[in-house]
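What the coordinates show
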Amino acid sequence: MSTNNNYDFNFILNPVTLTGKRIRLEPLIQSVHAAELYEIAHVNPELFDYLPYGPFNSYEEFLEFLNSPYIKDKHTLLFCIIDISSEKKIGIVGYLNTHPIHKKTEIGHIWIMPSFQRTYANTETNFLLLQYAFESLQYLRVAWRCCSKNLISRKAAERIGYKYEGTLR
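Residues numbered from 1 in each chain as written. Predicted model: local features only at pLDDT ≥ 70, side-chain atom pairs only at ≥ 80, totals over all residues. Heavy atoms only, no water.

Structural notes on the pattern of salt bridges
One pass over the structure, following the stated rule, counts six salt bridges. The salt bridge partner of glutamate 26 is arginine 24, with a shortest N-O separation of 2.8 Å. Among the ionic pairs, lysine 89 bridges to glutamate 36, the shortest N-O distance being 3.0 Å. Here lysine 89 is found in strand β4 (residues 88-99), whereas its partner glutamate 36 is found in helix α1 (residues 30-43), with 53 residues between them in sequence. The exposure class assigned to lysine 89 is buried, which follows from its relative accessible area of 13%. Overall, the relative accessible area of 35% leaves glutamate 36 in the partly exposed class. Because the salt bridges share partners, they merge into one network encompassing Arg24, Glu26 and Glu87. (Salt bridge = Lys/Arg side-chain N within 4 Å of Asp/Glu carboxyl O. Helix = DSSP H or I, 4+ residues; strand = E, 2+ residues; numbered from the N terminus. Buried < 20%, exposed > 50% of the residue type's maximum accessible area, 1.4 Å probe, protein only.)

Here you go:
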C-alpha cells in the first residue's frame, strides 16, 4: 500500500457553482443569500426539528450561525439551493466531513422550503452533488447524513438510491 506523503491536511474544499436543468447550487454567501434563506427559516421552524441548530429567533442569530466555526469548517461547503425558473432561494445543502485522502464526503445540512419538498428540488440537488463528488473530485464514497429519527429525510435518501448502512452514535 502506497502512502501519499504530499497530502495537505489543511486543504480547503473550493467553492463551486453546480447548475442543473431546474436547480442551481451556489456556494452560500451571506450577503447574497442570507436574507431570503432567513425568511424561509423564520416561517418554517419545523425545518430544524432534526438539525443540530435552529430555529432562529432573529436575523442576527441566523447570521451568527452562518459565521460560526460549525459552518465555516474547512471540510464543509454549504450551498444555497436555487430554483432556476423563479430564481427563488429555496434552501441549504452542503458537503461535510470531507476527506480527500480517503476520497469520501457526506451530504447534509439539508433543509428545503416545504413547497419544494418531495419535488424535483431534492432529487436534482443530490444528483448535482453526487455528480460533482464522483466525477470532478473523483471521490469513491458519498454518504447522506441525517438524524436517525428523521424518517422523512431517510425515506428521501432511499428514494434517491442511498442505502441504509447503520446509525452512528
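What to know about unusual backbone geometry
Cis geometry is found at the peptide bond from glycine 54 to proline 55, where omega equals -5 degrees. With respect to the helices, strands and loops of the structure, proline 55 is situated in the loop between α1 and α2 (59-66). A positive phi angle is found at histidine 109, which is not glycine, with a value near 55 degrees. Tracing the backbone through its elements, the reader meets histidine 109 in strand β5 (residues 104-112).

With respect to the packing of aromatic side chains
Scanning the model with the defined rule gives 14 aromatic pairs in all. When the centroid spacing of 5.9 Å and the interplanar angle of 75 degrees are considered together, the rings of phenylalanine 79 and tyrosine 95 count as edge-to-face. Residue phenylalanine 79 is located in strand β3 (residues 77-83), and its partner tyrosine 95 is located in strand β4; the two are separated by 16 residues in the primary sequence. Here the two residues phenylalanine 79 and tyrosine 95 agree in accessibility, since each one is buried. (Phe/Tyr/Trp six-rings, centres within 6.5 Å; stacked < 30°, edge-to-face > 60°.)

Some thoughts on the side chain of serine 153
As for its position among the elements, serine 153 is in helix α4 (residues 151-160). Since its relative accessible area comes to 13%, serine 153 is described here as buried. Setting aside its immediate chain neighbours within four residues, serine 153 contacts Trp144 and Cys146. (Contact = heavy atoms within 4.5 Å.)

Everything listed here is a matter of geometry and, on its own, says nothing about what the molecule does.
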